[in-house]
Amino acid sequence: MANPRARKVADRIKEVVAKRLDKGLRDPRLGFVTITDVQVTGDLQHASIFYTVYGTDQERADSAAALTAATGMLRTEVGRNLNTRLTPSLEFIPDGVPENAASIEALLREARERDELTLSSAATAQYAGDPDPYVKPREHVDEVDEELEDDALDDDPR
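On a predicted model such as this, the values are computed, not experimentally measured, just so you know.

Rules of the game
- Residues numbered from 1 in each chain as written.
- Predicted model: local features only at pLDDT ≥ 70, side-chain atom pairs only at ≥ 80, totals over all residues.
- Heavy atoms only, no water.
- Helix = DSSP H or I, 4+ residues; strand = E, 2+ residues; numbered from the N terminus.
- Buried < 20%, exposed > 50% of the residue type's maximum accessible area, 1.4 Å probe, protein only.
- Salt bridge = Lys/Arg side-chain N within 4 Å of Asp/Glu carboxyl O.
- Lys, Arg positive; Asp, Glu negative; His and termini not counted.
- Polar contact = N/O pair within 3.5 Å; in protein donor to acceptor, adjacent residues only side chain to side chain.
- Contact = heavy atoms within 4.5 Å.
- Phe/Tyr/Trp six-rings, centres within 6.5 Å; stacked < 30°, edge-to-face > 60°.
- Axes fitted to C-alpha atoms, helices over the stretch in contact; angles between N-to-C directions.
- Parallel < 35°, antiparallel > 145°, perpendicular 65-115°, else oblique.
- Left-handed = near helix turned anticlockwise from the far one by under 90°.
- pLDDT = per-residue confidence, 0-100.
- Pairing = 2+ DSSP bridges.

## Examining the environment of Ala18
Part 1 of the reasoning: Position of Ala18 relative to the elements: it lies in helix H1 (residues 4–23).
Part 2 of the reasoning: Since its relative accessible area comes to 34%, Ala18 is described here as partly exposed.

## A few points about the pattern of salt bridges
Part 1 of the reasoning: Scanning the model with the defined rule gives 6 salt bridges in all.
Part 2 of the reasoning: Within this structure, Arg7, Asp11 and Asp37 form a network of salt bridges that share partners.

## Remarks on the side chain of Asp95
Part 1 of the reasoning: Inspection of the secondary structure puts Asp95 in the loop between strand S3 (89–94) and helix H4 (97–123).
Part 2 of the reasoning: Here Asp95 sits buried without a salt bridge, and the closest side chain of opposite charge, Lys14, lies 8.8 Å off (N-O distance).
Part 3 of the reasoning: At 2.6 Å, the side chain of Asp95 and the side chain of Thr36 are in polar contact.
Part 4 of the reasoning: If near-sequence neighbours (up to four positions away) are discounted, Asp95 is found in contact with Thr36, Phe50, Tyr51 and Thr52.

## Details of the environment of Thr124
Part 1 of the reasoning: Its place among the elements puts Thr124 in the loop between H4 and helix H5 (143–154).
Part 2 of the reasoning: Overall, the relative accessible area of 63% leaves Thr124 in the exposed class.
Part 3 of the reasoning: Polar side-chain contacts of Thr124 include one of 3.4 Å to the backbone oxygen of Ser121.

## Things to note about the packing of aromatic side chains
Part 1 of the reasoning: What the rule picks out here adds up to 1 aromatic pair.
Part 2 of the reasoning: Plain terms: the ring middles of Tyr51 and Phe92 are 6.4 Å apart, the flat faces sit at 70° to each other, and that makes the pair edge-to-face. Residue Tyr51 is located in strand S2 (residues 46–54), and its partner Phe92 is located in strand S3; the two are separated by 41 residues in the primary sequence. As far as the burial class goes, Tyr51 and Phe92 line up, both buried.

## Points about the packing of H1 against helix H3 (residues 71–81)
Part 1 of the reasoning: Where H1 contacts H3, the axes come no closer than 10 Å and their chain directions differ by 125°. One way to sum up the angle between H1 and H3 is to call them oblique. Note that H1 runs across H3; the crossing there is right-handed. Across the interface between the two elements, Arg12, Ile13, Val16, Val17 and Arg20 of H1 pack against Met73, Leu74, Glu77, Val78 and Asn81 of H3.

## Focus on the confidence of the model for the protein
Part 1 of the reasoning: Overall, the predicted model of the protein reaches an average pLDDT of 83, with 86% of residues at or above 70.
Part 2 of the reasoning: Least confident of the elements in the protein is H5, whose mean pLDDT is 58; most confident is S3, at 92.

## Some remarks on the sheet that holds S2
Part 1 of the reasoning: Spatially, S1-S2-S3 is the arrangement adopted by the 3 strands of the open sheet, whose pairing is mixed. The open sheet is flanked by strand S1 (32–40) and S3, the only strands paired with a single partner. With direction set aside, neighbouring strand axes in the sheet form an average angle of 30°.
Part 2 of the reasoning: Pairing geometry for S2 and S3, over 6 bridges, is parallel. Directly across from Ile49, in S3, lies its bridge partner Phe92.
Part 3 of the reasoning: Along the sheet, H1 makes contact with S1, S2 and S3, crossing S1 at roughly 160°.

What follows is the structure, given as structure tokens:
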């Protein structure tokens, strides 16, 4: 939504719908609904309202049905409070933020468990080969090597 006017209209729609839902609807199916975001098309003809519902899957389904039934009344309320020539059509879309957050939490929990497992196995780990795998220089020199060095010094004309 690059249009700043569309962003302002979306913010205003969010306020109006949230206030109306806070006052309450006469529908007993409506649960604890939170409006998370509103996106408006560039021509201000259509508004997508994202919402979350606190509760069980049945309460989410009931709240979705209640919002669908109240769309006309909410559109009228939006039209009264907006200073636009046309009132945008409203579409209610359940927001996937809680489900995404829950899946991310599960992944982070699994990563922490794997890290702890790795640390515990690393604490008791031993090297696969020799304790000191690096090659060290020889400590003794062969007699043949000493004789070769002596011959090389004798041949030196200096």
